[in-house]
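A closer look at the structure
Okay, here's what each chain looks like letter by letter:
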Amino acid sequence: MHRLRILHAIHDFLPRHQAGSEIYAFELCRALAAEHDVSVLCANYDPARQHGHVAWRVHGPLTVIEVVNNWLCRSFEDTYRPPLIGEQIAHILQAVQHDVLHVHNLLNLTFDLPAMAHARGIPVVATLHDYGAVCPSGGQRLHRAGQHVCHVIDADRCVRCFRESPFYAQISFGRIASWTRAPGRLRRAARQWVRRFPRMAARLARAASDAQVLAVTPEDIQRRLRAAEQMFDDVDCFVAPSAFTAGEFQRLGVAASKIRVSDYGFVPMLRRRREGRADGPLRIGYVGTLVWHKGVHVLLDAVRPLPADAYELKIFGDTEVFPEYVGDLRTRASDLPVQFMGAFPRDQTADVYAQIDVLAVPSLWLENSPLVIHEALMAGIPVVGARLGGIPDLVADGRSGLLFDPAVPGELTSALRGLIEHRERVEALADGARMAQVKSIAQDAREWNATYAHVLGQARLAGADA
């Protein structure tokens, strides 16, 4: 294939945001950059800078084009079609002149991006990471207040959920910031404050205005869903990392003929020799973002009934991203053998897994194909995971790990207790984990090259027939 100009679009990006989809997008782009000219379009919420500001920067071998989206919304439609952000992106598309658009997530950008690319004759592909297209509160399809998974999109429930989301707080604070014209230092301090105390920021913003911060109705939610369906039509090919996710998006309106299933690729990870003894405490690990829908609080509640001298729990994740939630976790962990290990550089990932005997994945949302499970399998670490979403596609129950039903109280506790009482089973599951196949990022890049060639060929044929 000849050298292409490829634009990857994602809601946020490294180094400030280091969740699974951002890490995967970076590794894929880095692999593709060996053969193509790869750029990344992303957004960033930053009240210290002007809404709509565009910055060009470099991260590794990649050119990153970052648009500041401070959620200055006059209507609910502006949350998914922000006018100024759309205008800035149109200028970027004109400047980049790419051959292919690869969408990862349109949150913080605009649902119109695929149509804007098509208007320029550019084919569009997309990786289905989460449900941001149909879930306005972040893409997890999880109603926190009601503590249930949204198997069906209910517009009335979406209205309530959105008003309780961090995005509503961002809209509220954005109005205050735009009114005050605060100087840079004050705006930077305010940015940190709103991230640490989003609910308090939302209350202050509401108190500062006689009018409702943003009116949202079930009809608004329905219009957003119709916009998502139009966006689906403007994407030429979707890739779902799990069969579960593919099925969900077919149910949500994407034609089966436009979806193929292909798991993420990963940079091979060296296996470190595990520390500890077979007769010592079971070393349980959690690795990932410390956020409510990842279920870290569920894990802490599950280990509390276990003998305190029979296990230790290490929690790896940035404690500064959602500090209010981490404060609750620290309270729950009181008097337990739990350590908050903090964030870690990507080049120390193998060392992290060498410190644990089993990885817990207690997610509450319909996970796709979690990065941490692949990492654990590459490290030869068995996984105790929730029987939700794409997790059962990765964890062979009883062979490379154990599955538990998060809706059944005590199941996670029982699974961990069984491993504590039968330590030989941990080693048997570790043997199964070492046998699991994980696709390399190099293979993934080759598959994407084939996909790009396919959609470009289709575009040429369509142009010839026009």
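Everything in this summary refers to the structure shown in the same document. What you are looking at is a predicted structure, and each value in this text was computed from that prediction instead of being measured. (Residues numbered from 1 in each chain as written. Predicted model: local features only at pLDDT ≥ 70, side-chain atom pairs only at ≥ 80, totals over all residues. Heavy atoms only, no water.)

1. Thoughts on empty space enclosed by the protein
Within the structure shown, the criterion is met by 3 cavities of 30 Å³ or more. Here the largest cavity defines a volume of roughly 200 Å³. Sorting the residues of the lining of the largest cavity by element identifies β6 (124-127) and α8 (218-233) as the ones contributing at least two each. No other element matches the 3 residues that α8 contributes to the lining of the largest cavity. Among the residues making up the lining of the largest cavity, the classes are represented as 12 nonpolar, 5 polar and 2 charged. As a volume, the second largest cavity reaches approximately 90 Å³. Ranked by the residues each element gives to the lining of the second largest cavity, the list is headed by helix α4 (residues 155-163), at 3 residues. Grouping the constituent residues of the lining of the second largest cavity by class yields 7 nonpolar, 1 polar and 3 charged. (1 Å grid on protein atoms, 1.4 Å probe; cavity = no way out; pocket = protein on both sides within 12 Å on 5 of 7 lines; lining within 4 Å. Points joined across faces, edges and corners; volume = space filled by probe spheres on them. Helix = DSSP H or I, 4+ residues; strand = E, 2+ residues; numbered from the N terminus. Nonpolar A, V, L, I, M, F, W, Y, C, P; charged D, E, K, R; others polar.)

2. Let's talk about the packing of aromatic side chains
Inspection of every chain in the model, using the stated rule, returns 13 aromatic pairs. Both rings, one in tyrosine 131 and one in phenylalanine 249, keep their centres 5.5 Å apart while their planes meet at 15°; by these two values the pair is stacked. Linking tyrosine 131 in the loop between β6 and β7 (142-143) with phenylalanine 249 in helix α9 (residues 243-251), this pair joins segments that are 118 residues apart in sequence. Each of the two residues, tyrosine 131 as well as phenylalanine 249, counts as buried. (Phe/Tyr/Trp six-rings, centres within 6.5 Å; stacked < 30°, edge-to-face > 60°. Buried < 20%, exposed > 50% of the residue type's maximum accessible area, 1.4 Å probe, protein only.)

3. Things to note about the sheet that holds β6
In space, the 8 strands of this open sheet follow the order β3-β4-β2-β1-β5-β6-β9-β10, with mixed pairing throughout. Strands at the two margins of the open sheet, each flanked by one partner only, are β3 (54-59) and β10 (259-261). Within the sheet, the average angular offset between the axes of one strand and its neighbour, ignoring direction, is 25°. Packed on one face of the sheet, helix α2 (residues 83-96) meets β1 (5-9), β2 (37-44), β3 and β4 (62-68) and runs near 160° to β4. Along the sheet, α9 makes contact with β9 (237-240) and β10, crossing β10 at roughly 165°. (Pairing = 2+ DSSP bridges. Axes fitted to C-alpha atoms, helices over the stretch in contact; angles between N-to-C directions. Contact = heavy atoms within 4.5 Å.)

4. So, the nonpolar core
Residues Phe13, Leu41, Tyr353 and Leu359 are the most contacted members of the largest nonpolar core, which totals 149 residues. Non-local contacts of leucine 41, meaning those with residues more than four positions away in its chain, are made with Leu7, His8, Ala9, Ile10, Ile65, Val67, Ile89, Ile92, Leu109 and Leu113. (Core = buried A, V, L, I, M, F, W, Y, C linked by side-chain atoms within 4.5 Å.)

5. Brief notes about the sheet that holds strand β14 (residues 358-361)
The strand order across the open sheet formed by 6 strands is β13-β12-β11-β14-β15-β16, and the pairing between neighbours is parallel. Two strands close off the open sheet at either side, each with one partner strand: β13 (338-342) and β16 (401-404). The sheet shows a mean angle of 20° between the axes of neighbouring strands, taken without regard to direction. In this structure, β14 lies alongside strand β15 (residues 383-386), joined through 3 bridges in parallel fashion. Of the residues in β15, the one forming a bridge with valine 361 is glycine 385.

6. A short note on the pattern of salt bridges
Throughout the structure, instances matching the rule amount to 23 salt bridges. The partner of arginine 30 in a salt bridge is glutamate 27, and the shortest N-O contact between them spans 2.6 Å. Taken together, the positions of arginine 30 and glutamate 27, both in helix α1 (residues 20-32) and 3 residues apart, correspond to about one turn of that helix. Given the relative accessible area of 38%, arginine 30 is considered partly exposed. Residue class for glutamate 27 comes out buried when judged on its relative accessible area of 15%. Note that arginine 141 is salt-bridged to glutamate 248, the shortest N-O span being 2.8 Å. Within this pair, whereas arginine 141 is found in the loop between β6 and β7, its partner glutamate 248 is found in helix α9, the two being separated by 107 residues in sequence. The pair formed by arginine 141 and glutamate 248 is uniform in burial state, with each residue classed as buried. (Salt bridge = Lys/Arg side-chain N within 4 Å of Asp/Glu carboxyl O.)

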